[in-house]
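Examination of the molecular architecture
In case you want the letters, here they are:
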Amino acid sequence: MHTETPRFPGLTAILLAAGRGSRFDAMEGKLMQPVGEHGQMLAVVAAQSLLRVLPVVAVVATDGQLARALRAQGCTVVTALPGAAREMSATLRQGVLHTDTDARGWLVALGDMPMVRCDTIALVCQALHDGADIAVPVRQGRRGHPVGFSARHRQALLDLRGDQGARTILAAHQVREIAVDDAGIHVDVDTRADLRALDRRDA
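An account of the accompanying structure is given in this report. Note that the structure is predicted; figures quoted are calculated from it, not measured.

Another point: the overall build of the chain. Along the backbone of the chain there are 8 helices and 10 strands. Within the chain, the fraction of its 203 residues that count as buried is 53%. Counting only contacts in the chain whose residues sit at least 6 apart along the sequence, the fraction spanning at least 24 positions is 70%. When the accessible surface of the chain is summed, it comes to about 9600 Å², and 48% of that surface belongs to carbon and sulfur atoms.

This brings us to the pattern of salt bridges. Summed over the entire model, instances satisfying the criterion amount to 7 salt bridges. Across the pair Asp190 and Lys30 runs a salt bridge whose closest N-O atoms are separated by 4.0 Å. Of this pair, Asp190 sits in the loop between β10 (176-179) and α8 (192-202) while Lys30 sits in helix α1 (residues 27-31), and the two are 160 residues apart along the sequence. Given a relative accessible area of 2%, Lys30 falls into the buried group. Measuring nitrogen to oxygen at the nearest pair gives 2.7 Å for the salt bridge that ties Arg143 to Glu177. Placement of the pair is Arg143 in strand β8 (residues 142-143) and Glu177 in strand β10, with a sequence separation of 34 residues. Since its relative accessible area comes to 38%, Arg143 is described here as partly exposed. The network of salt bridges with common partners includes Lys30, Asp112 and Asp190.

Basis of the calculations
Residues numbered from 1 in each chain as written. Predicted model: local features only at pLDDT ≥ 70, side-chain atom pairs only at ≥ 80, totals over all residues. Heavy atoms only, no water. Helix = DSSP H or I, 4+ residues; strand = E, 2+ residues; numbered from the N terminus. Buried < 20%, exposed > 50% of the residue type's maximum accessible area, 1.4 Å probe, protein only. Contact = heavy atoms within 4.5 Å. Areas by Shrake-Rupley, 256 points an atom, 1.4 Å probe, with all protein chains shown as cover. Salt bridge = Lys/Arg side-chain N within 4 Å of Asp/Glu carboxyl O.

Everything listed here is a matter of geometry and, on its own, says nothing about what the molecule does.
Here it is in structure tokens:
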């Protein structure tokens, strides 16, 4: 599912799929839940949209069924380091480290957000391509995911700690907001009730 010619050379999507997921049993179990009419894994559906626009590095907890499914889609899969804290900052750092040191930027996406549209992903990438340092999609005045970072923020991403993701970077720097009509930028799956709602939305 790779694009034939890179639309945004030097940009890579990092799919975070190794966090704790404390509100939904084990995170990896959540990301392997079947969704949609084809019953594909939650994280696989999220990866498919990204892969239509960018190459994807997916960071997973273990080299198991989820890793194999993501590889089959065309993702480069990185397994979380043994003993490493399975928190968002740790998986994000690992994803950045697995990309080229001369990368132009990264699109950081979450494995439990499968409803983001491809055109939204492309708009965020275009903003980075056009010179934005940080770009986020916004709907009805509310920021969502995925979030794009230029190479300028590589060290800041690598310095992150804890489970708050890159919020501190966004708070400290100018952010280009991209208006979109895409409810998927706010749709994540944290509980089994969210999963059931997702299936109803897809029906």
